[in-house]
Amino acid sequence: MSAFRDHFFQTPDGLRLYARDYPGPDDNAPVVLCLHGLTRNSRDFQELAPALADHFRVLVPEQRGRGRSDYDDDVSRYALLQYVEDMRGLLSDLGIAHVAIVGTSMGGLMTFALNALYPGLVTRAVINDIGPEIAEVGLSRIKSYVGRVGPFADWDAATAYLKSVSVEIFPDWQDAQWADFARQCYTERHGQVVIDYDPRIAEPLTAESSDTEADTLWSLFAAMSAVPSLLIRGELTDLLTESCVAKMREVHPDMVVLPVPRVGHAPMLNEYGVTEAICDFLTA
């Protein structure tokens with residue numbers, strides 16, 4: 001497995017944010033930026049990133065309020081455009097002018113915004129199970145648990161809970177996979193297993209989505225039509241509908257779509273053939 005370096009950087013509003021930095025094959029390697037979902041962290045890419053590091057320098061940041069990044073006292077800054085500005089700050093801090101992006105869920109929406117706000121920054125994009133229209137059933141499911149999970153007495157209890165609420169997403173997983181997944185999602189503090197994010201990231205989610213927000217996301221996605229893109233969709237997803245994928249293809253006819261069978265939202269990207277497909281797409 002490729003080793004990574006710990007990289008910390010400061011934001012203009014005073015937070016210290018964290019990223020894993022996988023060096024890649026040489027100092028001139030192109031860069032891939034991996035962006036996690038709403039409640040997740042850099043461990044989501046702990047299998048994909050080493051595979052990509054055979055060809056690329058790979059940056060895997062943790063957004064404010066997640067993992068080893070500082071939590072924010074101002075809940076209003078737990079917002080998509082703030083995360084985008086943080087990522088722009090990371091790239092500026094490292095002197096990086098161009099990146100390919102792998103974005104899961106919220107990370108995919110961040111990819112749309114980074115590309116639209118900073119034309120020419122994004123060279124290629126892998127979008128994992130998200131689109132400009134977010135299905136209400138999936139959004140309601142996410143709102144039902146964000147910030148409300150645990151603490152757990154031990155890892156067995158955390159794993160059992162995670163399996164109970166996610167078995168429909170990964171119906172074919174074995175016990176070892178559930179145990180690994182728990183250690184991706186949670187962390188251990190003061191003898192308890194707890195969520196590895198600030199529970200207050202849920203507060204901005206309480207507002208109902210509006211037609212204006214949907215129009216904004218479609219506008220951001222329209223700018224992606226000039227960027228070679230691979231859309232990954234879990235066959236069982238409750239967040240990205242087939243009708244949304246069809247509309248996305250109308251806007252971006254050259255977008256490649258990779259379905260992942262027997263998986264919901266969101267694919268882990270280590271499913272059979274998926275890592276290889278991502279590597280092939282990014283190195284094409």
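Residues numbered from 1 in each chain as written. Predicted model: local features only at pLDDT ≥ 70, side-chain atom pairs only at ≥ 80, totals over all residues. Heavy atoms only, no water.

Q: Account for the packing of aromatic side chains, with residues named and values stated.
A: Considering all chains together, one arrives at twelve aromatic pairs under this definition. Summarising the aromatic geometry, the rings of F152 and Y161 are spaced 5.4 Å apart at their centres and angled 40 degrees between planes, so their arrangement reads as tilted. Centroid distance F170 to W173: 4.0 Å. Interplanar angle 5 degrees. Geometry classified as stacked. Just as F170 is buried, W173 falls in that class too. The rings of F170, W173, W178 and F181 are connected pair by pair, giving a single aromatic cluster. A cation over an aromatic ring shows up here: R183 above the ring of W155, its NZ or CZ 4.2 Å from the ring centre. (Phe/Tyr/Trp six-rings, centres within 6.5 Å; stacked < 30°, edge-to-face > 60°. Buried < 20%, exposed > 50% of the residue type's maximum accessible area, 1.4 Å probe, protein only. Lys NZ or Arg CZ within 6 Å of the ring centre and 35° of its normal.)

Q: Give me the lowdown on the side chain of R20, citing residues and values where you can.
A: Along the polypeptide, R20 turns up in strand 2 (residues 16-22). Leave out the neighbours within four places in its chain, and R20 touches F4, R5, S42, R43, Q46, V58, L59 and V60. (Helix = DSSP H or I, 4+ residues; strand = E, 2+ residues; numbered from the N terminus. Contact = heavy atoms within 4.5 Å.)

Q: Residue-level account of the sheet that holds strand 5 (residues 99-104), with values.
A: Consider a sheet: its strands pair through backbone hydrogen bonds, and that pairing is either parallel or antiparallel. Across the sheet, which stays open at both edges, the eight strands sit in the order 1-2-4-3-5-6-9-10 with mixed pairing between neighbours. Only two strands of the sheet have a single neighbouring strand rather than two, namely strand 1 (5-10) and strand 10 (256-260). Direction aside, neighbouring strands of the sheet carry axes that sit 20 degrees apart on average. Sheet topology note: the strand 3 (residues 31-35)/strand 5 ladder contains four bridges and is parallel. Opposite V32, over in strand 5, you have A100 as the bridge partner. Relative to strand 1, helix 2 (residues 80-94) is tilted by about 110 degrees, and along the sheet it contacts strand 1, strand 2, strand 3, strand 4 (57-62) and strand 5. (Pairing = 2+ DSSP bridges. Axes fitted to C-alpha atoms, helices over the stretch in contact; angles between N-to-C directions.)

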